[in-house]
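Coordinate inspection notes
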Amino acid sequence: MCTTCGCSDGQQVSYTMAGAHTHSHDGHTHTHAHDHTHPHDHPHPHDHDHDHAHAHSHDHSHDHAHSDAADENAHAALHAGMHGRTIALEQDILRKNQMLAERNRGWFEGREVLALNLMSSPGSGKTTLLERTIRALRDEIGFYVVEGDQATTNDAERIRATGCAVIQVNTGTGCHLEADMLAHGLQHLNPRPASVVMIENVGNLVCPALFDLGEGARVVVLSVTEGDDKPEKYPHMFRACQLMLINKMDLLPHVRFDVDRCVAHARAVNPDIEVLQISAETGEGMAAWYDWLRQQRVAGPGAAVPEMAEAAIG
């Protein structure tokens with residue numbers, strides 16, 4: 001997990017899916033259609049359970065002058081060393097995640113399954129988007145959904161009400177999904193060949209952009225209630241995505257949001273990003289989104305493989 005945001009400490013992940021019973025598999029506890037969930041601990045390579053005792057007694061019988069400059073240099077060297085180890089650890093985590101993501105990608109491609117990673121701030125309308133999309137296209141496309149949230153099965157219950165197979169991944173203190181979490185979810189969803197897996201990531205415009213899940217394409221959902229400067233403030237997210245959906249267009253007359261400025265900001269960081277204006281609530285612009293989905297299916301599951309994670313590793 002992240003060494004920079006603190007979500008790695010004491011993280012617990014649980015998986016909940018419609019079914020008849022709870023069972024364990026590979027050390028992971030999964031809850032099926034019960035009100036109780038059983039979290040499991042993920043070990044983290046940077047957890048420290050050892051204490052460092054530093055008891056130095058210096059008995060000097062002579063005058064010993066300590067240079068403030070020397071102390072500052074020593075402190076700076078120690079800080080630099082710690083910072084270097086933190087960077088190395090984060091790169092190791094990203095590399096491990098990338099390896100698992102490539103396995104997922106191969107799994108999708110082998111079954112001709114299109115996987116889309118939907119990312120956004122909390123409350124942008126991702127779940128409403130999925131509900132309307134599934135209901136509109138379920139006779140044409142077989143959908144499966146992976147729901148990512150820190151807690152609750154609220155969104156999974158909404159998706160389940162559409163008749164779509166869904167698994168809820170609760171990340172605990174984690175602020176994003178990772179490739180191994182998706183792999184565990186896929187084991188239980190078992191999507192049919194030539195279907196579409198929609199991954200609703202944890203609401204966050206920062207960390208999810210760094211973690212490749214093995215998806216075929218990335219979609220960022222931005223609602224007009226958030227402000228038109230989000231692509232400028234969170235460039236990594238918008239650089240990592242193939243499509244930006246500007247959602248809640250029905251609220252545009254009531255908020256301060258300049259669509260042209262938002263699109264300009266997005267294309268300043270990612271000239272190739274596609275942009276669609278929609279309202280998942282009213283259905284405005286959704287036909288263009290459905291066409292985009294169809295085009296992605298025709299292009300194939302690996303046609304728009306994201307490169308952000310590889311670039312982030314450096």
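The rules behind the values
- Residues numbered from 1 in each chain as written.
- Predicted model: local features only at pLDDT ≥ 70, side-chain atom pairs only at ≥ 80, totals over all residues.
- Heavy atoms only, no water.
- Helix = DSSP H or I, 4+ residues; strand = E, 2+ residues; numbered from the N terminus.
- Buried < 20%, exposed > 50% of the residue type's maximum accessible area, 1.4 Å probe, protein only.
- Contact = heavy atoms within 4.5 Å.
- Areas by Shrake-Rupley, 256 points an atom, 1.4 Å probe, with all protein chains shown as cover.
- Axes fitted to C-alpha atoms, helices over the stretch in contact; angles between N-to-C directions.
- Parallel < 35°, antiparallel > 145°, perpendicular 65-115°, else oblique.
- Pairing = 2+ DSSP bridges.
- Expected span 1.5 Å × (residues − 1).
- Core = buried A, V, L, I, M, F, W, Y, C linked by side-chain atoms within 4.5 Å.
- Salt bridge = Lys/Arg side-chain N within 4 Å of Asp/Glu carboxyl O.
- Polar contact = N/O pair within 3.5 Å; in protein donor to acceptor, adjacent residues only side chain to side chain.
- Phe/Tyr/Trp six-rings, centres within 6.5 Å; stacked < 30°, edge-to-face > 60°.
- pLDDT = per-residue confidence, 0-100.
- Lys, Arg positive; Asp, Glu negative; His and termini not counted.

1. Describing the overall build of the protein
Assigned secondary structure in the protein consists of 9 helices and 11 strands. Sorting the 314 residues of the protein into buried and exposed places 48% on the buried side. In the protein, once contacts between residues fewer than 6 apart in sequence are set aside, the share between residues at least 24 apart is 72%. In the form shown here, the protein has an accessible surface area of approximately 15,600 Å², with 49% of it arising from carbon and sulfur atoms.

2. Some points on the packing of helix α2 (residues 126-137) against helix α8 (residues 286-299)
At a minimum axis distance of 11 Å, the contact between α2 and α8 shows a crossing angle of 70°. Comparing the axis directions of α2 and α8 gives the class roughly perpendicular. Of the residues in α8, those touching α2 at L129, R132, T133, A136 and L137 are M286, W289, Y290, L293 and R294.

3. Here we look at the pairing of strand β8 (residues 196-200)
Across the 5 residues that make up β8, a large majority, 5, are buried. The side-chain alternation of β8 yields two buried faces, one formed by V196, M198 and E200 and the other by V197 and I199. Looking at chain direction, strand β5 (residues 114-120) and β8 are connected through 5 bridges and run parallel. Note that in β8 the partner of N117 across the bridge is I199.

4. As for α2
With 12 residues, α2 should cover 16 Å at 1.5 Å per step; its first-to-last C-alpha distance of 16 Å lies within 8% of that length. Turning to α2, its buried residues are K126, T127, L129, L130, E131, T133, I134 and L137.

5. As for the nonpolar core
Of all hydrophobic cores here, the largest spans 29 residues; its most connected members are L116, L129, M198, L245, W289 and W292. Every element with two or more residues in this core is listed here: β5, α2, β6 (143-149), α3 (154-160), β8, β9 (217-223), β10 (243-247) and α8. By residue number, the principal contributor to this core is α8, which donates 5 residues. Residues within four places of W289 in sequence aside, it is in contact with L116, L129, T133, M198, V219, L243, L245 and L276.

6. Re the pattern of salt bridges
Two side chains carrying opposite charge are able to pair once their charged atoms lie near each other. For the structure on display, the rule yields 10 salt bridges. Note that E157 and R160 form a salt bridge whose closest N and O atoms lie 2.7 Å from each other. With a gap of 3 residues between them, E157 and R160 both fall in helix α3, about one helical turn apart. Look at E157 and you get partly exposed, because its relative accessible area is 41%. Under the relative-accessibility criterion, R160 is labelled partly exposed at 24%. In this structure, the salt-bridge partner of D291 is R294, at a minimum N-O distance of 2.8 Å. Within this pair, D291 and its partner R294 are both found in helix α8, separated by 3 residues, close to a single helical turn. Exposure remark for R294: the relative accessible area of 29% places this residue in the partly exposed category.

7. As for the environment of T162
Summarising the element assignment, T162 is placed in the loop between α3 and β7 (165-170). Linking T162 and E131, residues 31 residues apart in sequence, is a C-alpha distance of 6.7 Å. Residues in contact with T162, not counting those within four places in the same chain, are E131, I134, R135 and R138. A distance of 2.5 Å separates a polar atom in the side chain of T162 from the backbone oxygen of I159.

8. Focus: the packing of aromatic side chains
We describe a pair of aromatic rings using the distance from one ring centre to the other and the angle between the two ring planes. This structure, assessed with the given rule, holds 2 aromatic pairs. The interplanar angle of 80° and the centroid separation of 5.8 Å between the aromatic rings of W107 and F108 together place this pair among those described as edge-to-face. The exposure class assigned to W107 is partly exposed, which follows from its relative accessible area of 23%. Among the residues examined, F108 registers a relative accessible area of 2% and is labelled buried. Consider the rings of W289 and W292, whose centres lie 5.7 Å apart with planes at 15°: the pair is stacked. In this pair, W289 and W292 both sit in helix α8, 3 residues apart, roughly one turn of the helix.

9. Side note on helix α4 (residues 179-189)
Three or four residues apart is the spacing at which side chains of an α-helix point the same way, because the helix has 3.6 residues per turn. With respect to burial, α4 is a largely interior element, 8 of its 11 residues being buried. The first or second residue beyond α4 is N190, which carries a positive phi of 50°.

10. Quick word on the confidence of the model for the protein
The share of residues in the protein with pLDDT of 70 or more is 69%, and the mean pLDDT across the chain is 81. For residues 33-66, every residue scores under 50 in pLDDT, and the model assigns this stretch 42 contacts once sequence neighbours within four places are set aside. The low-confidence segment residues 308-314, where pLDDT is below 50, has 16 contacts with residues more than four positions distant or belonging to other chains.

11. Description of the side chain of E226
In this fold, E226 is placed in the loop between β9 and α5 (230-233). No salt bridge is formed by the buried E226; the nearest opposite charge belongs to K230, separated by 5.4 Å. There is a polar contact of 2.8 Å between the side chain of E226 and the backbone nitrogen of S223. Residues in contact with E226, not counting those within four places in the same chain, are S121, S124, L205 and V221.

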